[in-house]
Every structure is written in C-alpha cells, then in structure tokens.
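Tertiary structure, described
Each chain, written out:
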Amino acid sequence: MELTKLLALVLSLLLMTAPALAEAAEAVPETVEEAPAAYTVEAKAFPYLHQFDSDKDPDEGEMTLYFVNGGDIPYVALDEYAAFLSGVLAELGKEGIDYKVEKHADSEFSVTREDNGSTLFVNTDNEVLYFLNLNGFTQSVGSKAAVTVMDLPEAEPIDLDQMSKAALMTWKLMNGEDVNPDDLGLDTSSLPDEEKDEDNSDAVSKAEDDGDQADDDQADGDQAADANKEKHLFTMAGIDGYYHNRLGDMVEFKLGDYDIDLIAVDDKCYIPFQTMNDIFLGMEYLQYIFTGERVLGCAYQAPLADQRFDVEPHPFSESFAMFNYNELRFLLDNFYGLKPEHNIKDFGTLMAMETGLVQDLAGTDPRKFDLALMVLTGRYMDDGHSGFLSGSVLAGEQDPLLNTFASSMVVGPSSKAMSAQVAAFDKARRAVYRSWVPGYEEVGDTAFITFDGFTQAREDAEYYKTNLFASPDPQDTIDLIIYANEQIKRENSPIRNIVMDLSNNGGGMASAAVFVMSWFLGDASVTLRDTLTGAQTNMSYHCDVDRDGTYDEELDTVSKGYNLYCLTSMHSFSCGNLVPAACAESGKVTMVGQTSGGGSCVVLPCTTASGALFQISGTHQLSIMKNGSFYNIDSGIVPDIVLTKPESFYDRAALAEYLKQAK
C-alpha cells in the first residue's frame, strides 16, 4: 500500500512539472551546437540611478545594455562591465582596482586584475567562466585575507615597539631582513665564523647605542608624540598582521548547463547583466536590477529608488521566463552556502522534483514567480538568513506589510520554532523590564551586559573624538562595551562576575562582534571559509577598548581575574552564535542557557533577472578552528549550564546567586 502511494506521488509530480519542462525544452536550444551561428547585437542606452548611501542623494548617469537577436534579456560588454565594476568598487572604498580585458581567440577572452593577477577566463563556445582566484578578484588592494566579510575590519598591524624581542626577530626574518642571533641570547660560539654576521652585529649594537641616547634626549617629548600618534580601534594580534590563509580552488561556472548563453561578436564578448551581477555585486552587498526602462542599484536594505516600479505590470516573455528561472538555478547552485547541510544536490531537482515549484518559477506570471520564490526561500531553505524581500518589477508595486505578512505564512518548521521561542523570551523579559532593558546592570558583584544585536554606529576614529553616553545604551555595541569596561574597572569596583546576555541577540555587524570577543576573551579569533572556492582565513584581533592608542591585556580586556559567563538561547543567531562559539572554544567562559541558534553563513543579498529582491545564506561561512581544521558552527553551541525556563534568564538576582553556587 505504501509503495503504491509513493509511485502515485512520483507520477503526479512528473505530470505536474511536465508542461514547464516542455516549455523549457522549446524555449532553449538543446545543445550549444544548435544555437544560432550568427548573432545580431543591438546596443541601447538607459538611465542609470544608484544610491549606495541612503543619507546621500542618488547619482544619475547612463548605462549601455545589449540585446541579442531582438530578445529582451539584457547583456553587458565584458570590457565595459570591467570598467563599471572598477568604479563601483572604488565608490565602496576599494580604490585602485583596475582590470585589463584581452581577446585571445574568436571565442576566448580574459579579464585580469592588474595589481594581484586574479584572472577571469571566458570561453563563449563552451559557455564557461573560469576563475583562477575568485576571492582575489574584488578584494581590497593589499588585502592579505583570502576570505573577507564586508564589515570585518582590515585591521592595522601591531606596532613593532609593542612586540617582544623574539617576535621582532621573527618579523625581520619573515620580511627578509638581517638579524643578529646574539639579540636573542643564543649561544653562537659553535657557528662557523662566516655564518656570524659581525657587520650586522656591529650595526645593531650601534643602533642600540644611538637608540639609548635618543631615548634620553627625547624623553620629555614622548608624551606629546603619543598624543599625536594615530590610534586604531582594531589591530592584528599576529606578527605584522599575519593571517592564517589557504587560497581557494579554481572555479569553473558552466553556464551552458543552465542554458545561459555567452556571445562573441565583432571582437567583443557579451555576458548577461544578471549573471555578472550575481557573481560580483551580491558579495559587495549591492542589489542591481533592470526595470526595462532604467538600471537601478542600491545597497542592501537601503530604500530603493521610486522609479523601481515605473513600468506597467505584464507577463514575462517565455524566453525571459526561462532565463529568469535558469539564472536563479545558477545563483543558488553556486552561492547558497548550506547545500550539504540541507541535503540539496542541485536546485533544479529541488524546484522540479522535490517541491513542484518549477511551474511558477519557470512561468510567465510575475506574481506567481514571486510567491514561489517566497516559498522556496522561506519554507524549503528555512535557515534564518534566507528570505524574500520584495517582488519582481513586472508584478507591480506591493504593500511592504503585505509582503512581510505573506512571507511569515510560508516559513518552515525551524523558523516557526525560533519565532515561538523569541516570543516566549520577549514575554519573559518584558515581565521584568517592560519596554527597556539596561545595557549595563550590576547585581551585587555581578555585571550583566545585554544587547540584542551587534552594531557599530560610528567610524573607528569617531570613538576617540566623541564622549560616551551618560548612561548605558545597548544601541551601539562598541560604546556599550567601552562603558562596561570603565564601570567594571573603576576604583573600588565590586564586580567579580560578568554575564554577557545574548539570549535575544539575532546577529549584526562582524566588526562589533570582533570588538566584543577581544574585550571578553583577550583575543578575537575569526575564522572564515568560502564554501564555493574552499578558501580559508583565520584572523586574530586585539581592540583598543580603553581608547588610549595601545593594546594592553589588563586594561583592554576582562579575560583575566573575573568569572565569565555567556547567556544564550535559540535566538542567539549569526554573530549572536559566533561570539558564543568563540567563548566556548576559549575555555575561559561558562556557557549558560540553551543551545544557540546557529546561522554560520553570512547573508548574501540577491536579485533575480525579473528584479525581485531576496537574500540567502551565502558562501562565506563563520567557523571555529581546532587542530588546524575549520568546523562549521551552524548547529549552535551547547551550554555548560542549562536553563529550561525563559523566566530564569531575567530573574537576575537569582541567576547571579545560582551561577556563583554552580561555579
């Protein structure tokens, strides 16, 4: 009986998906060889409006798009897009990135980044994009990290005068400088004379004598010099900003497998606009769309230009509908970071055979496409980061509240469970604190630091110029930690225990998370893995919490001399999961509460060719490093001390006493 039901279900799915798959077969050539031998390419100029900062007025310009054989799928010329990408990156603060485009044969092209050699190869016959180093293609000039996150600081190296003698010698060796073994107190008597660098030894000795005299002469001016010294909120904990790096593999995008055509005509290469945006702009937290009448670009979560829906709603053409679907498959297959965890072999199978969404995702009705995308990201991805944001241009403008309500109706079981727990914890906390929770609170000899998101409200330098708030406010995490550090270390402070309450922390900015980890643990170790390329990076930071321009473990951290606790729940998500992972791994912190909510992959903002906006768990994955290996933290962090009731989290007098007894 069960087998009969299973066969009936498979048959119904096949019958249901057959019309859409048949449309796909008719709309797209079966093989590359059957594609037209000759192409006509028409150039059209469109208004270009972009706004990367919501506090500034949009910039206006013009962009040329290309259309092949009279179709409605917009393409870009490879050389023009390379120049466009260079300009976009410069506007985002990544100045000095220039690309050289070359033609090698009728169907073979390359784009090389001139400062680091990262290269994209294009073969229009095979419909392939091939990267030697995808991670290096858009990273900041001079960046050492193989994998980066947009708001993770590119920290300054620690000054040489802060290094130990041994570290200084190592630094010199790494940079090819001569060193004198005698400076390390090593026995060099057994070394052959020719291996003793007498000249260098004399030079070092003379430099030391000169340095001693200079120290005496300039002692009175040191204080003034320190006052004018440039200060850095974040510094690298390693020697000369050293990163543990492992470069990624070469990446091949087989666009022919997705029926996405690459075109070569008259010595120029043309690639779909959406394909290039999917590869390059999402990782920069930008969302670009083509409305049919103009090109619009904006930063993630920034207000979109009013002109987004300035076209009359109407159905997609059949060819555009199939391209829209195929481009979505390409994006998700390559840039969704949790495919193994979600047991997704490929999204074509998921959409067609396992969910039945292919009919609407490959169909011509924009509103049905949007609803299917909402279901795919909300119900089937169900990972806390993935979700629908706004609909396709041709679907017409929808009420944002209606979108939010509809999205909430199509979430999966994990999101439902998290929402229920968030509501329970919020109710329990409101019963004690009403509408306002103090960012810093002392209960006897225990300090509680509470914030519901990781935020950095100012540029680094501003924290050295502005006064702290008069009372603790959790809206700026860095301000809050600076305030807490001052209070805990004030004269005659009673504080012996510190509880960091992340029970309602849904994540936020990586820079703020780094600041918190450095303060709490003495060292902020951030480990990233790129699930697409396999690249890996581990960076360690020290933060100038007391804002005196230097790092000092006693003054800038609470990592020694206090009993440390971290309070988590299922709502401790993303960076609210990363910090507990670092705390647990350090061995310095007692974990309290319930297993944290996971969320290892950083959000990747996305668009569809139809102009819908959504987000997914991207390829940059937060991890922990142990025994030289990188481990995913998506399953959350298990507490040492379990609290079963939400009310137990916020009866702080009882909790403080309980933790002291448990310790």
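Small disclaimer: the values here were computed from a predicted structure and weren't measured.

1. Structural notes on the confidence of the model for the protein
Chain-level statistics for the protein give a pLDDT mean of 84 and a share of 81% at 70 or above. Across residues 1-36, where pLDDT falls below 50, the model places 21 contacts with residues more than four positions away in sequence or in other chains. Per-residue pLDDT stays below 50 along residues 186-208; that stretch engages in 15 contacts with residues further than four places along the chain or on separate chains.

2. Some thoughts on the side chain of Thr275
Examined against the element boundaries, Thr275 turns out to sit in helix α6 (residues 273-280). In contact with Thr275, other than residues within four places in its own chain, are Leu255, Ile260, Glu327 and Phe330.

3. With respect to the sheet that holds strand β17 (residues 440-443)
The strand order across the open sheet built from six strands is β17-β18-β19-β22-β23-β27, with neighbouring strands paired in mixed fashion. A strand with exactly one partner marks an edge of an open sheet, and here the two such strands are β17 and β27 (641-642). The pairing of strand β23 (residues 589-593) with β27 spans two bridges and is classified as parallel. Bridging across to β27, Gly593 finds its partner in Val642.

4. Let's talk about the packing of α6 against helix α7 (residues 318-335)
Following both chains from N to C, one finds α6 and α7 inclined at 20°, their axes separated by 11 Å at the closest point. The angle between the axes of α6 and α7 places the two elements in the roughly parallel class. Read as a crossing pair, α6 and α7 show a hand that is right-handed. Only Phe323, Glu327, Phe330, Leu331 and Phe335 of α7 make contact with α6, whose side of the interface consists of Gln274, Thr275, Asp278 and Ile279. For the contact of α6 with α7, the residue count by class is five nonpolar, two polar and two charged.

5. A closer look at a negative patch on the surface
On the surface, a cluster of negative charge is made up of Asp57, Asp59, Glu60 and Glu91. Mapped onto the elements, Glu91 comes out in helix α2 (residues 78-91). On the accessibility criterion, Glu91 (42% relative accessible area) is partly exposed.

6. Side note on the pattern of salt bridges
A full pass over the atoms with the stated rule returns 20 salt bridges. Linking Lys660 and Asp445 is a salt bridge whose minimum nitrogen-to-oxygen distance equals 3.2 Å. Residue Lys660 is found in helix α18 (residues 652-662), and its partner Asp445 is found in the loop between β17 and β18 (446-450); the two are separated by 215 residues along the sequence. Salt-bridge contacts for Arg458 lead to Asp476; the nearest nitrogen and oxygen are separated by 3.7 Å. In this pair, Arg458 sits in the loop between β18 and α13 (477-488) while Asp476 sits in the loop between β18 and α13, placing the two residues 18 residues apart along the sequence. By relative accessible area, Arg458 is classed as partly exposed at 25%. Three or more residues joined by partner-sharing salt bridges are found here, namely Asp79, Glu80 and Lys268.

7. Focus: the side chain of Asp278
Topologically, Asp278 is positioned in helix α6. Buried within the structure, Asp278 lacks any salt-bridge partner; its nearest side chain of opposite charge belongs to Arg329, at an N-O separation of 12 Å. Aside from chain neighbours lying at most four places away, what touches Asp278 is Glu327, Leu331, Phe335 and Thr607.

8. As for the environment of Ile289
In this structure, Ile289 sits in strand β14 (residues 286-290). In this structure Ile289 touches Arg294, Val295, Leu296, Arg308, Val393, Thr607, Gly611 and Leu613, once residues within four positions along its chain are discounted.

9. Considering a nonpolar patch on the surface
Side chains of Phe121, Leu132 and Met250 sit close together on the surface and give an oily, nonpolar patch of about 270 Å² of accessible area. Note on placement: Phe121 falls in strand β6 (residues 119-123). Accessibility expressed as a relative area gives 33% for Phe121, which makes it partly exposed.

10. Focus: the packing of aromatic side chains
For the coordinates displayed, the defined rule picks out 29 aromatic pairs. Taking the centre distance of 6.1 Å and the plane angle of 65° together, the rings of Phe46 and Phe67 count as edge-to-face. Pair noted here: Phe46 is in strand β1 (residues 41-51) and Phe67 is in strand β2 (residues 59-68), with a separation of 21 residues, a long-range link. Here Phe46 matches Phe67 in class, with each residue buried. On the basis of an interplanar angle of 45° and a centroid distance of 5.6 Å, the ring pair of Phe316 and Phe320 is categorised as tilted.

11. A look at the environment of Cys606
Assignment of secondary structure puts Cys606 in strand β24 (residues 601-607). Given a relative accessible area of 4%, Cys606 falls into the buried group. Sequence separation of Cys606 and Met283 is 323 residues, and the distance between their C-alpha atoms is 9.0 Å. Setting aside chain neighbours within four positions, we find Cys606 in contact with Gln287, Leu331, Ala612, Leu613, Phe614, Gln615 and Ile616.

12. Considerations on the sheet that holds strand β7 (residues 128-131)
The five strands are arranged β4-β5-β6-β7-β11 in an open sheet whose pairing can be described as antiparallel. With partners counted over all chains shown, the strands left at the sheet margins are β4 (99-105) and β11 (251-254), one partner each. Direction aside, the axes of adjacent strands within the sheet are offset by 15° on average.

13. Considerations on unusual backbone geometry
Of note, the phi angle at Asp266 is positive, near 50°, even though the residue is not glycine. In this fold, Asp266 is placed in the loop between β12 (263-265) and β13 (268-272). The exposure class assigned to Asp266 is exposed, which follows from its relative accessible area of 71%. A positive phi is found at Asn343, a non-glycine position, where the angle reads about 55°. Mapped onto the elements, Asn343 comes out in the loop between α7 and α8 (347-354).

Criteria and thresholds
- Residues numbered from 1 in each chain as written.
- Predicted model: local features only at pLDDT ≥ 70, side-chain atom pairs only at ≥ 80, totals over all residues.
- Heavy atoms only, no water.
- pLDDT = per-residue confidence, 0-100.
- Contact = heavy atoms within 4.5 Å.
- Helix = DSSP H or I, 4+ residues; strand = E, 2+ residues; numbered from the N terminus.
- Pairing = 2+ DSSP bridges.
- Axes fitted to C-alpha atoms, helices over the stretch in contact; angles between N-to-C directions.
- Parallel < 35°, antiparallel > 145°, perpendicular 65-115°, else oblique.
- Left-handed = near helix turned anticlockwise from the far one by under 90°.
- Nonpolar A, V, L, I, M, F, W, Y, C, P; charged D, E, K, R; others polar.
- Patch = residues over 30% accessible without salt bridge, like charges linked within 9 Å, V, L, I, M, F, W, Y side chains within 5 Å.
- Areas by Shrake-Rupley, 256 points an atom, 1.4 Å probe, with all protein chains shown as cover.
- Salt bridge = Lys/Arg side-chain N within 4 Å of Asp/Glu carboxyl O.
- Lys, Arg positive; Asp, Glu negative; His and termini not counted.
- Charge placed at Lys NZ, Arg CZ, Asp CG, Glu CD.
- Buried < 20%, exposed > 50% of the residue type's maximum accessible area, 1.4 Å probe, protein only.
- Phe/Tyr/Trp six-rings, centres within 6.5 Å; stacked < 30°, edge-to-face > 60°.

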